[in-house]
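Remarks on the overall topology
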Amino acid sequence: MAYTVGDLVAEFLAAAGVTTAFGIVSIHNIPMLDAIGRRNAIRFVPARGEMGGGHMADAYARVSGGLGVLVSSTGPGAANAVPALVEARFAGAPLLHVTGQTATCFLGRDTGAVHDIPTQGELLAAACKSVHRIRVAEEAFGALLAAAAEALAAATGPVTVEIPTDLQRAAVARPAALDRLALPVRPGPVPAGGDLDAAAELLAGARRPMLWLGNGAKGAGAEALALLDLGFGAVTSWNGRGTVPEDHPRSFGALHGNDAPAIQAFYETVDAMLVVGSRLRGHETLDGTLKLPRTLLQVDVDPRASGRTYPSAQFIAGDAAAVLGGLARRLDGRIAVEPGFGVDLARTRADAAEAYRRTLGPYADFPAQLRRAMPRDAIWVRDATVAGATWAHRLMPVYGSRDSVHPVGAGIGPGLPFGIGAALAAGPQGRKTVMLAGDGGFAMNMTELWTAAQERAELCVIVMNDGIYAAIGHIQDAFQDGRRYYGELRHPDLLGLAALAGMPAWRVDRADAFGETVARALATGGPTLVEVDMRAIGPVPAYGPYAKRQAA
């Protein structure tokens, strides 16, 4: 039997360390998936939609720290994957999208071949770091090598490889390099010693210094802790959660943004802030109006980040771990942090958390109940929903840098497939995954329940069910004089839906029963579902600027 490009794809993925891939078998990827199936070295998870499969691959990458892989068909299949690629780009998830393409004799000719989009590469390029098209069989190995390395290179993100269906079946010589494959991943830039010296000089005089840790700092947890040992405080972006454990006494975790006035006031007492690997996104900085310290230093692997959101006293282009480690060594014995700074930080965090908890109405105790029910090492996944944007981000502590997954692009719907991908990455380690969604977001990918059931994912699905798009309703109340058009949802009975998928399910209609119900679900093997009947418990309060506008 001839060795084909399809065989090369299958062997390459396994040699690159991929153990799980996601997607849908279709006319333009059959040769590749046939090879994956015959070799039986990779678990292939058949999703119910390319968008869901892409979100699964994204979450799998975020939790595992390795390469996420999505295999799609061409044309409509590739187009269905675009929302997931967009989110992976927002989140900086290393995702390799391997898609089919029309046969080479039809490429770019607009002949009406099945599934053919003549400009498919341009469609995908808008969502990816880059797109590689294989035009002859001999290019396949080099293109795969370059694409995987680029996805994993800082700043990480999605990359697509297009392989025409006739080339997938084409015979090709097996590359000997597969026997000793090492992806040529470019390391992050090494910071200049002079830049580190200058930054240390600025920070050495600080008495109340803080770190703002973003997604780009996730691999620098030990170095960040070294600076906390020198007296720094820390706060994280929502995508940088768990870089240092959020029960560390000198960390705010992700408790910031709207409705956190105590945190905002505390920043005014900070005399230096080092922002590491963060975009300082609008949700977390009040759309850029949050006052940050005048002495603001910024660290990023991308030089284009300099001054992109806030002006900085100094910008350092470099790998986060190298920069933080270099600064910790330079500041050891030189910085004298104000003795009461840590006490003030801990008190502010406690006061801010309690004040925020009081804004949650009947859901005030949900974060504490849920955290008690979850194992410390559980993966915490959220969809874009009111609960996800309020207590699920800010009051639910995360302890590891790969323990948190949410839609960074704020798109609604990825929660369930995120949960499946995260669970399949964490499950082999004996870890549970908990996913929180609203009923509107859950409905967008609810067919993936059957993927969770088929794969026996160790996943507890929590659906906050109020029958409406609550966040949209709050915006309409605030800006449209309460006219709530088109936001009411009709959906199937969720317990009946879970029964159809063959998974245990519970309904919560009392606030004080939430944690114990989730604990029961987590004690059950395989996927489970917990529906929170918000119509019985009470409406969720409006949050952020919408609540303030209504009050005014």
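Described below are features of the structure shown in this document. Here the structure is a predicted model, which is why all the values come from computation and not from measurement.

Along the backbone of the protein there are 23 helices and 17 strands. At 24 Å, the protein has a C-alpha radius of gyration in line with the 24 Å of a compact globule built from 552 residues. Seen through its principal axes, the protein has C-alpha atoms that stretch 75 × 60 × 45 Å. Split into buried and exposed, the 552 residues of the protein put 58% on the buried side. In the protein, once contacts between residues fewer than 6 apart in sequence are set aside, the share between residues at least 24 apart is 76%.

Right, let's talk about the sheet that holds strand E8 (residues 233-236) for a bit. An order of E8-E7-E9-E10-E11 is seen for the 5 strands of this open sheet, with the pairing classed as parallel. Of all the strands in the sheet, just E8 and strand E11 (314-317) have a single pairing partner and so form its edges. Taken over all neighbouring pairs, the strand axes of this sheet differ in orientation by 20 degrees on average, direction set aside. Pairing between strand E9 (residues 272-276) and strand E10 (residues 296-300): 4 bridges, direction parallel. Within the sheet, the bridge partner assigned to valine 275 lies in E10 and is glutamine 298. The strands touched by helix H11 (residues 320-331) within the sheet are strand E7 (209-213), E9, E10 and E11, with E9 carrying the most contacts at an inclination of about 150 degrees.

What follows covers helix H19 (residues 470-479). Residues of H19 that are buried: Ala470, Gly473, His474, Gln476 and Ala478. With its phi angle positive at about 55 degrees, aspartate 481 sits one or two positions after the end of H19.

Inspection of the sheet shows strand E1 (residues 20-23) paired to strand E2 (residues 43-46) by 4 bridges, in the parallel sense. When the bridges of E2 are listed, glycine 23 appears paired with proline 46. With respect to chirality, the unit in which E1 leads through helix H2 (residues 30-39) into the neighbouring parallel E2 is right-handed.

The contact between helix H8 (residues 193-204) and H11 brings their axes to 9 Å, and the two run at 55 degrees. Looking at the two axes, H8 sits oblique to H11. In this structure, H8 meets H11 at a crossing whose hand is right-handed. Counted together, Gly193, Leu196, Asp197, Ala199, Ala200, Leu203 and Ala204 of H8 and Val323, Gly326, Leu327, Arg330 and Leu331 of H11 form the full contact between these two elements. In terms of residue class, the contact of H8 with H11 is built from 8 nonpolar, 2 polar and 2 charged.

This part takes up the pattern of salt bridges. For the structure on display, the rule yields 28 salt bridges. A salt bridge links glutamate 354 to arginine 357; the nearest nitrogen and oxygen atoms lie 3.1 Å apart. Here glutamate 354 and its partner arginine 357 are both found in helix H12 (residues 341-357), 3 residues apart, which amounts to about one turn of the helix. A relative accessible area of 30% means that glutamate 354 is categorised as partly exposed. Close ionic contact of aspartate 512 with arginine 510 constitutes a salt bridge, the shortest N to O distance being 3.0 Å.

Quick look at the nonpolar core now. The biggest cluster of nonpolar side chains holds 88 residues, and the ones touching the most others in it are Met210, Leu211, Tyr267, Leu370, Trp380, Trp391 and Ile462. Per-element accounting of this core gives the leading share, 7 residues, to H11. Non-local contacts of tyrosine 267, meaning those with residues more than four positions away in its chain, are made with Met210, Trp212, Val235, Phe252, His256, Met273, Leu290, Lys291, Leu292 and Pro293. Within the second largest apolar cluster, 47 residues are counted, among which are Tyr60, Ala81, Leu95 and Ala457.

Conventions and cut-offs
- Residues numbered from 1 in each chain as written.
- Predicted model: local features only at pLDDT ≥ 70, side-chain atom pairs only at ≥ 80, totals over all residues.
- Heavy atoms only, no water.
- Helix = DSSP H or I, 4+ residues; strand = E, 2+ residues; numbered from the N terminus.
- Rg over C-alpha atoms; globule rule 2.2 N^0.38 Å.
- Buried < 20%, exposed > 50% of the residue type's maximum accessible area, 1.4 Å probe, protein only.
- Contact = heavy atoms within 4.5 Å.
- Pairing = 2+ DSSP bridges.
- Axes fitted to C-alpha atoms, helices over the stretch in contact; angles between N-to-C directions.
- Right-handed = clockwise from strand over helix to strand, strands pointing away.
- Parallel < 35°, antiparallel > 145°, perpendicular 65-115°, else oblique.
- Left-handed = near helix turned anticlockwise from the far one by under 90°.
- Nonpolar A, V, L, I, M, F, W, Y, C, P; charged D, E, K, R; others polar.
- Salt bridge = Lys/Arg side-chain N within 4 Å of Asp/Glu carboxyl O.
- Core = buried A, V, L, I, M, F, W, Y, C linked by side-chain atoms within 4.5 Å.

Everything listed here is a matter of geometry and, on its own, says nothing about what the molecule does.
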